[in-house]
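Close look at the chain arrangement
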Amino acid sequence: MRVVLAGVFALAAAASPASAAGPDWASFGATPYDPPRAAPEFSLPDLDGRPMALADLRGKVALVFFWATW
């Protein structure tokens with residue numbers, strides 16, 4: 001039953017004119033992500049203050065979480 005409902009919702013979403021056009025990225029002031037694209041090279045200090053470059057993590061799964069308070 002769930003598979004049938006998921007298929008119906010997917011067909012309904014694909015048939016709607018709004019989804020066919022896609023979001024207007026320019027109105028948000030954003031550019032869409034067009035995979036694949038390499039991340040720019042950068043380095044940040046780790047929790048001990050030692051610099052960690054993105055290239056050091058090549059081939060590994062990395063979660064980069066930017067957080068700021070100002």
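Check the entry above for the structure.
The sections below set out a description of the structure shown in this document. (Residues numbered from 1 in each chain as written. Predicted model: local features only at pLDDT ≥ 70, side-chain atom pairs only at ≥ 80, totals over all residues. Heavy atoms only, no water.)

1. With respect to the overall build of the protein
What counts is decided by this rule: Think of it this way: any DSSP run of H or I at least four residues long counts as a helix, any run of E at least two long counts as a strand, and we number them from the N terminus. Throughout, exposure labels follow a simple rule: accessible area from a 1.4 Å probe, protein chains only, divided by the maximum for the residue type, with under 20% read as buried, over 50% as exposed, and the rest as partly exposed. In these tables, accessible area is a Shrake-Rupley quantity obtained with a 1.4 Å probe, and a residue counts as shielded only by the protein chains included in the view.
Secondary structure summary: the protein contains three helices and two strands in total. Ordered by position from N to C terminus, the α and β elements of the protein give α-α-α-β-β. Residues counted as buried form 0% of the 70 residues belonging to the protein. Surface accessibility of the protein: about 6900 Å² in total, with carbon and sulfur atoms responsible for 67%.

2. Remarks on a nonpolar patch on the surface
For clarity, the threshold we go by: Each patch is built from residues lacking any salt bridge and having more than 30% relative accessible area; the joining distance is 9 Å for like charges and 5 Å for nonpolar side chains (Val, Leu, Ile, Met, Phe, Trp, Tyr). In what follows, salt bridge is the name for a side-chain nitrogen of Lys or Arg lying within 4 Å of a carboxyl oxygen of Asp or Glu.
Where nonpolar side chains cluster on the molecular surface, the patch consists of Phe-42, Leu-44, Val-64 and Phe-66 and spans about 360 Å² of accessible area. Residue position: Val-64 is located in the segment after β2 (51-53). Residue Val-64 is classed as partly exposed on the basis of its relative accessible area, which comes to 40%.

3. Description of the pattern of salt bridges
Applying the stated criterion to the full structure yields three salt bridges. The partner of Glu-41 in a salt bridge is Arg-58, with the nearest N and O atoms 3.7 Å apart. Placement of Glu-41 in the loop between α3 (25-28) and β1 (43-45) and of Arg-58 in the segment after β2 is noted, with a sequence separation of 17 residues between them. With relative accessibility at 53%, the residue Glu-41 sits in the exposed group. Between Arg-50 and Asp-46 there is a salt bridge, with its nearest N and O atoms 3.4 Å apart. For Asp-46, a relative accessible area of 24% puts it in the partly exposed group.

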